Structures are given as C-alpha cells and as structure tokens.
Amino acid sequence: MFLYPADERIPNPFHLIDPSSFENLQLRGGFRIVRLEITSEPLIDAIGRQAIARTTIIGNEFNIMIRGGLTEEELSVTLYHEILEAVTVASDNPPAGVRMFKESDFERAAYRANNELGEASPPTIDLMLQSHGFR
Ligand SMILES: [Zn+2]
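Residues numbered from 1 in each chain as written. Predicted model: local features only at pLDDT ≥ 70, side-chain atom pairs only at ≥ 80, totals over all residues.

Things to note about the sheet that holds strand 1 (residues 25-27)
The 4 strands are arranged 1-2-6-5 in an open sheet whose pairing can be described as mixed. Strand pairing shows two members of the sheet lacking a second neighbour, strand 1 and strand 5 (53-58), which therefore form its edges. Averaged over all pairs of adjacent strands, the angle between their axes in this sheet comes to 30°, without regard to strand direction. Sheet strands touched by helix 1 (residues 72-90): strand 1, strand 2 (31-39), strand 5 and strand 6 (61-67). Its angle to strand 5, the strand with the most contacts, is close to 30°. (Pairing = 2+ DSSP bridges. Helix = DSSP H or I, 4+ residues; strand = E, 2+ residues; numbered from the N terminus. Axes fitted to C-alpha atoms, helices over the stretch in contact; angles between N-to-C directions. Contact = placed C-beta atoms within 7 Å.)

Here is the structure:
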C-alpha cells in the first residue's frame, strides 16, 4: 500500500473553482452569464439582509456577485443555487418541477447537485439544469 504525504496545506489547483470559467458561459434556455465577480464588499439582498450572493438578471443575461472568503464547497453550492434560481426566474415557462421552488428548495437542489455532480463547473452546471428539465 502506498501512502501519499498527508500535507493538505498545499492547495491542488485542479480542485479550485475558477470564477472566470463561468464568464460568458452560455446556459440552457438561451441564458448567459456575462459576469461572475467575487467581491469583498458586503452584499445586501432585496430586503436588506446580508447575502452570500446577488444575481442581477437583465433580459437573458446574468450578472452574479459572490462574497469572498467562502470555502470551495460553499462557493460551489452558491453557484448551483444562483444559476438554477436565475434560470428559473428568468424563464417564461420554467419546467413544472422547479416552477414553485422557494429559496429553501433552491438551496436543497444546490446541495444535491454538489453531492451528486461534484464541484460546480460549466459541464456540471449544464447537467444540473438538464436534470431539472431545462432544454
Ligand atoms: Zn436564492
């Protein structure tokens, strides 16, 4: 049996999410992420609470801001959540399975996607949207 050195302090660059890989990403349903920004500024949601992320939808284009300092898992779940929610909200006729989704449903779906598909990336985001019935 071969044991790898147990030094987990060295981050593996192949396991880190690259925010730039989501910029100009074409999504199912004709949508596109035009900008994905990790920000050190506090994000405030529509009713004045601190938020982890904020997505602005302009027509078919999404502008996503995510608070810095999240773990890789939090960042991954947040990406699944924000993108699924944005595509659902922006769709004229979203699939029946997501039409009635509330905030907690998006969060649950995002955790499930992270567990089943792994860390958020352009291909896993596409699989997640496909699994919810987006064409
Ligand atoms: Zn949300």
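Considering the pairing of strand 2
For strand 1 and strand 2, the ladder comprises 3 bridges, and the chain directions are antiparallel. Looking across to strand 2, one finds that L25 is bridged to I33. What sits between strand 1 and strand 2 in their antiparallel hairpin is a turn of 3 residues, with G29 showing a positive phi close to 85°.

Remarks on the environment of D126
As for its placement among the helices and strands, D126 is situated in helix 4 (residues 122-131). Sequence separation between D126 and L27 is 99 residues, and the spatial gap between their C-alpha atoms is 6.8 Å.

Digging into helix 3 (residues 103-117)
Over its 15 residues, helix 3 extends 21 Å from the first C-alpha to the last, a length consistent with the 21 Å expected when each residue adds 1.5 Å. G118 occupies a position one or two residues after helix 3 and carries a positive phi of about 90°. (Expected span 1.5 Å × (residues − 1).)

Describing the packing of helix 1 against helix 3
Close contact between helix 1 and helix 3 brings their axes to 8 Å; oriented N to C, the two are set at 125°. Accordingly, the angle class assigned to the pair helix 1 and helix 3 is oblique. Two packed elements cross with a definite hand, and for helix 1 against helix 3 that hand is right-handed. Across the interface between the two elements, E73, S76, V77, Y80, H81, L84 and E85 of helix 1 pack against F106, E107, A109, A110, Y111, A113 and N114 of helix 3. Residue composition of the contact of helix 1 with helix 3, grouped by class: 8 nonpolar, 3 polar and 3 charged. (Parallel < 35°, antiparallel > 145°, perpendicular 65-115°, else oblique. Left-handed = near helix turned anticlockwise from the far one by under 90°. Nonpolar A, V, L, I, M, F, W, Y, C, P; charged D, E, K, R; others polar.)

Side note on the nonpolar core
Membership of the largest hydrophobic core comes to 26 residues, with the highest contact counts inside it found for Y80, I83, L84, V87, A110 and L129. Elements represented by at least two residues in this core include exactly strand 2, strand 6, helix 1, helix 3 and helix 4. The element contributing the most residues to this core is helix 1, with 8 residues. In this structure, V87 is in contact with L27, G29, F31, L129 and F134, ignoring residues within four places of it in sequence. (Core = buried A, V, L, I, M, F, W, Y, C linked by C-beta atoms within 7 Å. Buried ≥ 20, exposed ≤ 12 C-beta atoms within 10 Å, placed from the backbone.)

Overview of the pairing of strand 6
Of the two faces of strand 6, the one lined by F62, I64 and I66 is fully buried and the one lined by E61, N63, M65 and R67 carries no buried residue. One ladder, built from 7 bridges, connects strand 2 with strand 6; its direction is parallel. Note that in strand 6 the partner of L36 across the bridge is I64. As consecutive antiparallel partners, strand 5 and strand 6 are separated by 2 residues, and within that stretch G59 has a phi angle of approximately 60°, a positive value.

Topic: the packing of helix 1 against helix 4
Running from amino to carboxyl end, helix 1 crosses helix 4 at an angle of 45°, the nearest separation of the two axes being 11 Å. Taken together, helix 1 and helix 4 sit at an angle that is classed as oblique. Pair helix 1 / helix 4 crosses with right-handed handedness. Of helix 4, the residues touching helix 1 (which contributes Y80, I83, L84 and V87) are I125, M128 and L129. Looking at side-chain class alone, the contact of helix 1 with helix 4 contains 7 nonpolar, no polar and no charged residues.

Taken by themselves, the reported measurements are silent on function.
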